[in-house]
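Spelled out, the chains give:
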Amino acid sequence: MNRQDRADVVDREMATRLLPDAAVMALGRWWSENAGTYADGTPGAHTIRYTPSRWAQITPWPSALALTSHTGDAGVSRAEVTLIVADALRREAFKEALVATYVWGKGKRGTPRGSGPATLQKILAAEGLDAALATAVTALYEHGSREAYTALHQRIPGFGPSFFTKFLYFTGKTLQPAHGPGALILDRILSLRLRSLAAAVGRETGHDPDGSIASWVWADWNWSPHRYEVYLSFMHAAARQLAGTDGWPSGTAPDLLECALFNAAWETSS
């Protein structure tokens, strides 16, 4: 059995087992501490702090974000970004939608000479960006999340999955995909969570005793469209699993699990 075959076996086993008890307990603790914030069962209230003045060179700047002349910090929630993106998509202002999702994703980690504003400025200036974003939006609406991911994968230098899945996620809140599961954010932290789960399954089944397969498929970045599809399938199924437990709200959207999984860690047996 080659490496890809072993990875496929571990994926199928993960899809059957879903979240282990330790993860369910950790996520339940997170929910008990945050139920008041997310009382509607969505992560819409999830707010990120950012420093508008650090993004002064960025255009187009969404009018619903704080002015870049604003002194001090500001906050923007997922629900607010969703509204900004919906308005931008109605006007086919794809770069404006991208800016809103990027600023939310970077938050205060964006510094004047750091990877936030400097990288975003290069992305916005990249040849073919508008066409790539438009293609991804159409692919999401007409075909599904994997096709939209494929449209942006390795298309624009510096615009990797950790950030373009944020664009797809917020776009999907406005344009539900015609087929398959809705888009979700996938970044390094979430990939590490899935790597931990895959490594445990690989050890228990003997298909990946040293965790090398888990490290390969759940790398830190540049996940393949196939890997993104595996991630979405797992997350949507795991959300249904959690909804059937006592420590999690029923009917919960998968993006609440994504938010929780980013923040709730647990120990795995070695």
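Residues numbered from 1 in each chain as written. Predicted model: local features only at pLDDT ≥ 70, side-chain atom pairs only at ≥ 80, totals over all residues. Heavy atoms only, no water.

**A closer look at the overall build of the chain**
Part 1: Secondary structure summary: the chain contains 12 helices and 2 strands in total.
Part 2: Shown N-terminal to C-terminal, the secondary structure of the chain runs as helices and strands in the order α-α-β-β-α-α-α-α-α-α-α-α-α-α.
Part 3: Computed over the C-alpha atoms, the radius of gyration of the chain is 19 Å, within 12% of the 18 Å expected from 2.2 N^0.38 for a compact globule of 270 residues.
Part 4: In terms of overall dimensions, the chain has C-alpha extents of about 55 × 40 × 35 Å along its principal axes.
Part 5: Counting the 270 residues in the chain, one finds 52% classified as buried.
Part 6: A separation of at least 24 residues holds for 73% of the contacts in the chain among residues at least 6 apart in sequence.
Part 7: Element-wise, carbon and sulfur atoms account for 51% of the exposed surface of the chain, whose accessible area totals about 12200 Å².
Part 8: Each charge class in the chain can be summarised by its mean position, and for the 26 positive and 26 negative side chains these summaries are 6 Å apart. (Helix = DSSP H or I, 4+ residues; strand = E, 2+ residues; numbered from the N terminus. Rg over C-alpha atoms; globule rule 2.2 N^0.38 Å. Buried < 20%, exposed > 50% of the residue type's maximum accessible area, 1.4 Å probe, protein only. Contact = heavy atoms within 4.5 Å. Areas by Shrake-Rupley, 256 points an atom, 1.4 Å probe, with all protein chains shown as cover. Lys, Arg positive; Asp, Glu negative; His and termini not counted. Charge placed at Lys NZ, Arg CZ, Asp CG, Glu CD.)

**Observations regarding the pattern of salt bridges**
Part 1: Tallied over the entire structure, the rule returns 11 salt bridges.
Part 2: Put simply, Glu258 and Arg78 hold a salt bridge, and the shortest N to O gap is 2.9 Å. Of this pair, Glu258 sits in helix α12 (residues 254-263) while Arg78 sits in helix α3 (residues 78-90); the two residues are 180 residues apart in sequence, bridging distant segments of the chain.
Part 3: Judged by relative accessible area, which is 2%, Arg78 ranks as buried. (Salt bridge = Lys/Arg side-chain N within 4 Å of Asp/Glu carboxyl O.)

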